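# Chain and residue survey
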Amino acid sequence: MNVTEHPFGITGKNEAVTLYRLEGGGLVLSCLNYGGAVVELLAPDREGVMQNVVLGYDDLAGYEKNPNWFGVLCGPTAGRISGASFSLDGNTFSLTPNDGTACLHGGTCDLSRRLWQGESFRESRRVGLRLRTVSPDGEGGYPGRVRLCVTYTLDDEGAFVIDYAGETDSPTLLDPTFHGYFNLSGDRAASGLDQELRIDAEMFLPLDARHLPEPPLSVEKTPFDFRRSVSIRKNLERPHPQVVRGRGYDHAFVLRTSGEGFPFVPQVRLCDPVSGRVLEMTTSEPCVVFYSGGWIAEGERLRGGVVSAPHAGIALEAQWYPNAVNSPFLPLRVLRPGTVFRSRTVYRFSVVRSFSPEE
């Protein structure tokens, strides 16, 4: 277990950014106190070769722009809020539209493009980084002064753990997520679509023309059925209007089981058949947004010589139901004074010796 710190550049606001390199459980995680960005995550393949399995940038300028939210924390509310406004306890709050008429991933109250206070730690069985920030009342239109702490941990069992804790002095919305893009191949030329995916979900939220969620539908007999491990590319080859609308997948899947408690029960399983790398995810959140990266632009230079292209990696965003505040068919979560918001997502890495979808 080890942690080191290195300078990573100066922001346009003249803020010094630090890169934290965490080593533990056979993984190496490099992350920033700017946006909580995960720059690199090294994991072994079946031969023990360590390679990067996430998309990111080599320099700070990339993260200051970052139109795809590569590897960062998103919020205060992940996803889109329709009309860039919402009502809470009889009051209406106006946000900043940044995706048509919607507010996406927090708008100007953006967790992904701010400097967080970082504090690394090392213990006998884990190593990690605590990131803290405060959003003043009214920032980006959101009510309440919110204090948020996000902790990244590598444990000795090969897991990358993200813990969230938040408090407010006025009723507000707080539903953040981690927007990492995974490509387990380690091959910079490989597509994320060639990975095998399983999601323990019987329902998904279709999208309307503005990419806002509609009432849940069954995954049965659709390309959204990932209840058994299947090639993402193979499912995409099945015609469906929702696949066309999302340029692949950009949909919330309603998880069938809760990821709270122990033992570890994976709700999502991603496997690369060539490298043998396996990623299993569990979360306390009710949904995972599976985004296959169909809107990633061509030709941007990424870390390690990777050139961006649609589906270069896939995002698995554990979160609350998107746009719940404006969707009567979805449950709403409100953070109120005197309570603590808590959420946990675990990404556990392993390898299979020979490819089998459920080995």
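Quick look at the structure, then. Quick caveat: nothing in here was measured; it's all calculated off a predicted structure. (Residues numbered from 1 in each chain as written. Predicted model: local features only at pLDDT ≥ 70, side-chain atom pairs only at ≥ 80, totals over all residues. Heavy atoms only, no water.)

### Section: the sheet that holds strand E3 (residues 27-32)
Heads up, the rule is: DSSP calls a pair of strands paired once it identifies at least 2 bridges connecting them. Think of it this way: any DSSP run of H or I at least four residues long counts as a helix, any run of E at least two long counts as a strand, and we number them from the N terminus. Simply put, an axis is a line fit to the C-alpha atoms, just over the touching stretch for a helix, and the angle between two N-to-C directions goes from 0 to 180 degrees.
Strand order in the open sheet made by the 5 strands is E1-E2-E3-E4-E5, with antiparallel pairing throughout. Single-partner strands in this sheet number two, and they are strand E1 (2-10) and strand E5 (50-52). For this sheet, the mean angle separating the axes of adjacent strands, direction not counted, is 20°. One ladder, built from 8 bridges, connects E1 with strand E2 (residues 16-24); its direction is antiparallel. Bridging from a neighbouring strand, Ile 10 pairs with Ala 16 of E2.

### Here we look at the nonpolar core
Rules: The definition of a nonpolar core used throughout is a set of buried Ala, Val, Leu, Ile, Met, Phe, Trp, Tyr and Cys residues joined through side-chain atoms within 4.5 Å. When accessible area is computed with a 1.4 Å probe and restricted to protein chains, residues below 20% of their type maximum are described as buried, those above 50% as exposed, and intermediate ones as partly exposed.
With 57 residues, the main nonpolar core has Tyr 152, Phe 160, Phe 178, Ile 199, Phe 290 and Phe 349 as its most contacted residues. It is strand E13 (residues 146-155) that provides the largest number of residues to this core, a total of 5 residues.

### Section: the pairing of strand E18 (residues 201-205)
Bridge analysis of E18 against strand E21 (residues 250-255) gives 4 bridges, and the strand direction is antiparallel. Paired with Phe 204 across the two strands is Phe 253, which belongs to E21. Across 2 bridges, E18 lies against strand E19 (residues 217-218) in antiparallel orientation. Across the sheet, the residue bridging to Met 203 is Ser 218, located in E19.

### A look at the pattern of salt bridges
The condition that has to hold: Take a side-chain nitrogen of Lys or Arg and a carboxyl oxygen of Asp or Glu: if they are within 4 Å of each other, that pair is a salt bridge.
Summed over all chains, the structure comprises 21 salt bridges. Across the pair Arg 113 and Asp 110 runs a salt bridge whose closest N-O atoms are separated by 2.9 Å. Taking relative accessible area as the criterion, Arg 113 reaches 26% and is therefore assigned partly exposed. Overall, the relative accessible area of 10% leaves Asp 110 in the buried class. A salt bridge links Glu 220 to Arg 227, with the shortest nitrogen-to-oxygen separation between them at 2.6 Å. Take Arg 227: its relative accessible area is 31%, and that puts it in the partly exposed class. Via salt bridges that share partners, Arg 125, Asp 156, Glu 157 and Arg 348 belong to a single interconnected network.

### Focus: the environment of Val 268
With respect to the helices and strands, Val 268 occurs in strand E22 (residues 268-271). Given the relative accessible area of 1%, Val 268 is considered buried. Linking Val 268 and Met 281, residues 13 residues apart in sequence, is a C-alpha distance of 5.0 Å.

### Digging into the packing of aromatic side chains
Rule in force here: Geometry of aromatic contacts follows a simple scheme: Phe, Tyr and Trp rings, the Trp one being its six-membered ring, pair when their centres are within 6.5 Å, and the pair is stacked under 30 degrees between planes, edge-to-face over 60, tilted otherwise.
Applying the stated rule across the entire model yields 22 aromatic pairs. Relative to Phe 70, the ring of Tyr 57 lies with its centre 5.6 Å away and its plane at 55°, an arrangement referred to as tilted. With a gap of 13 residues between them, Tyr 57 in the loop between E5 and helix H1 (60-65) and Phe 70 in the loop between H1 and strand E6 (72-74) connect regions that are remote in the sequence. Taken as a pair, Tyr 57 and Phe 70 share a single burial class, namely buried. Geometrically, the ring pair formed by Phe 182 and Tyr 347 is tilted, given 5.3 Å between the ring centres and 45° between the ring planes. You can see Phe 182 sitting in strand E16 (residues 181-182) and its partner Tyr 347 sitting in strand E26 (residues 341-351), a full 165 residues away along the chain. As far as burial versus exposure is concerned, Phe 182 and Tyr 347 are alike and both buried. Put simply, the rings of Phe 204, Phe 224, Phe 226, Tyr 249, Phe 253 and Phe 290 pair up and form one aromatic cluster.

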